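Fold and geometry: a report
Residue strings, one per chain:
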Amino acid sequence: MKILAQIFIFIFLFLTSYNMFLNFQLSKFTFIDNQKNNKKVCIILIDGLRLDAIKYMPFIKKQINEKKALFYKSSCFIPSLSRPGYVRIFSGSSTKINGVSKNFYPIPSTIPDIFLLSRKKGLKTALCGYYWIYELYPFSFNYKYIYFNDDSNIFTKALNIIDKHKPDLILIHPMKVDKAGHKYGGISLNYKKACIEIDNDIQKLYEKIKNYTIIITSDHGHKDKGGHGDDNLKCLEIPIIFLGNLKDIKFYEKVSTTQLDISPTICDILNLPKTPYMEGKSLVICNNMTFQNKKFKNINKVPVALILISSYVSYLATKIIFRK
Ligand SMILES: [Zn+2]
């Protein structure tokens with residue numbers, strides 16, 4: 001009984017203090033104009049998609065060839081792993097700053113992400129993705145569909161959410177390409193098949209959400225024989241693609257990009273303030289102000305501090321509650 005109470009108090013204290021810390025940071029950002037600009041963004045993060053896998057995706061390839069989509073050859077960083085990749089993409093900060101360097105790190109990220117910034121501005125956010133993203137950002141989404149293993153209907157779920165709630169920023173995060181990569185390798189027939197299936201899903205979605213700017217990218221690539229994490233070129237090369245509603249958005253073309261550029265770009269599209277942790281550059285030509293205040297020092301130590309304090313307080317609390 002005592003141990004259960006301790007766990008409960010610990011989780012409550014940890015999440016509450018984490019939420020307070022995030023809100024404290026957000027309170028320091030200037031949300032320049034509070035008018036919504038009616039832009040909507042749909043991020044499709046295809047887990048484990050190699051740059052050269054685009055050749056297996058006829059719809060996307062056609063959009064690029066017909067100049068209806070903008071394609072950037074981009075790169076991720078070491079470790080070329082999923083959870084570190086998610087945090088780099090959604091916070092715009094490098095692994096050194098955000099501290100999320102492992103896949104098995106089920107602790108919320110202490111750096112404000114683009115979804116939380118959107119919510120703070122009054123925009124609606126949605127997630128259809130793997131539970132790791134929800135673990136990183138438990139307070140960032142208005143609407144969510146989270147899966148643990150089976151991602152087969154996430155595009156349908158995403159369309160349901162879009163129809164019903166019309167979120168301003170939605171993340172769709174399929175895992176099947178990564179799974180095929182691990183099981184059969186990055187040049188296997190099964191990997192190719194998974195890419196074709198996702199391409200088909202994207203085409204169907206595209207037809208139905210013409211008012212959304214769609215961003216397609218990946219957290220990391222895959223080796224020919226499968227697997228990722230190190231500095232193998234096939235793990236580090238990823239695509240960034242913009243398609244759908246690109247009206248009134250001017251992009252810098254033919255520039256070199258990394259996955260750190262995605263967050264500041266979305267900030268410019270949705271007119272959100274950038275956080276001081278964003279180390280990349282926006283791919284959109286505009287002169288949105290960047291938040292200039294200093295970064296919190298050693299932000300990657302904050303989760304450890306919160307865990308220590310929460311454990312100690314929950315220990316003290318149960319000692320008082322269960323005293324004889
Ligand atoms: Zn993987």
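Residues numbered from 1 in each chain as written. Predicted model: local features only at pLDDT ≥ 70, side-chain atom pairs only at ≥ 80, totals over all residues.

**Observations concerning the overall build of the chain**
- The helix and strand tally for the chain stands at 12 helices and seven strands.
- For the chain, whose C-alpha radius of gyration is 20 Å, the value lies close to the compact-globule estimate of 20 Å for 324 residues.
- Projected onto its principal axes, the C-alpha positions of the chain cover 75 × 45 × 40 Å.
- Across the 324 residues of the chain, 47% fall into the buried class.
- Long-range contacts, defined as pairs at least 24 residues apart, comprise 67% of the intrachain contacts of the chain with a sequence gap of at least 6. (Helix = DSSP H or I, 4+ residues; strand = E, 2+ residues; numbered from the N terminus. Rg over C-alpha atoms; globule rule 2.2 N^0.38 Å. Buried ≥ 20, exposed ≤ 12 C-beta atoms within 10 Å, placed from the backbone. Contact = placed C-beta atoms within 7 Å.)

**With respect to the environment of phenylalanine 242**
- When you line up the elements, phenylalanine 242 lands in strand 7 (residues 237-244).
- When residues no more than four places from it in sequence are discounted, the contact partners of phenylalanine 242 are Ala69, Leu70, Thr213, Ile215 and Phe251.

**Comments concerning the nonpolar core**
- Ranked by internal contacts, the top residues of the largest apolar core, which has 74 residues, are Val41, Ile44, Ile170 and Ile172.
- Examining the composition of this core, we find that seven residues originate from one element, helix 9 (residues 189-208), more than from any other.
- Contacts of valine 41, omitting those with residues within four sequence positions, involve Leu169, Tyr212, Thr213, Ile215, Ile266, Ile269 and Leu270. (Core = buried A, V, L, I, M, F, W, Y, C linked by C-beta atoms within 7 Å.)

**Considering the sheet that holds strand 1 (residues 40-45)**
- The strand order across the open sheet formed by seven strands is 2-7-6-1-5-3-4, and the pairing between neighbours is mixed. Each edge of the open sheet carries a strand with a single partner, namely strand 2 (70-75) and strand 4 (143-147). Pairs of neighbouring strands in the sheet enclose a mean axial angle of 15°, with direction left out of account. (Pairing = 2+ DSSP bridges. Axes fitted to C-alpha atoms, helices over the stretch in contact; angles between N-to-C directions.)

**Re the pairing of strand 3 (residues 125-130)**
- Burial analysis of strand 3 places six of its six residues in the buried class, the great majority of the element.
- Alignment of strand 3 against strand 5 (residues 169-172), held across four bridges, turns out to be parallel. Across the sheet, leucine 127 pairs through a bridge with leucine 171, a residue of strand 5.
- Where strand 3 meets strand 4, five bridges bridge the pair, whose relative direction is parallel. Bridged to tyrosine 130 within strand 4 is tyrosine 147.
- Regarding the hand of the β-α-β motif, the stretch spanning strand 3, helix 6 (residues 131-136) and strand 4 is right-handed. (Right-handed = clockwise from strand over helix to strand, strands pointing away.)

**Points about the environment of tyrosine 206**
- The topology assignment puts tyrosine 206 in helix 9.
- Each C-alpha atom, one on tyrosine 206 and one on phenylalanine 242, is 12 Å from the other, the two residues being 36 residues apart in sequence.

**A look at helix 3 (residues 82-91)**
- Counting buried positions along helix 3 gives 10 out of 10 residues, so the element sits mostly inside the fold.
- All of the buried residues in helix 3 are Ser82, Arg83, Pro84, Gly85, Tyr86, Val87, Arg88, Ile89, Phe90 and Ser91.
- Considering only its buried residues, helix 3 is in contact with strand 1, helix 4 (95-98), helix 5 (114-120), helix 6, strand 6 (212-217) and helix 11 (262-270).
- Once helix 3 finishes, glycine 92 follows within two positions and takes phi at roughly 75°, a positive value.

**Digging into unusual backbone geometry**
- Cis geometry is found at the peptide bond from isoleucine 78 to proline 79, where omega equals -5°.
- Counting through the fold element by element, proline 79 comes out in the loop between strand 2 and helix 3.
- Not every positive phi belongs to a glycine, and lysine 67 is a case in point at roughly 60°.
- As for its placement among the helices and strands, lysine 67 is situated in the loop between helix 2 (58-65) and strand 2.
- The phi dihedral of lysine 166 falls on the positive side, at around 45°, and the residue is not glycine.
- Residue placement: lysine 166 occurs in the loop between helix 7 (154-165) and strand 5.
- Assessed through the 14 C-beta atoms surrounding it within 10 Å, lysine 166 is described here as partly exposed.

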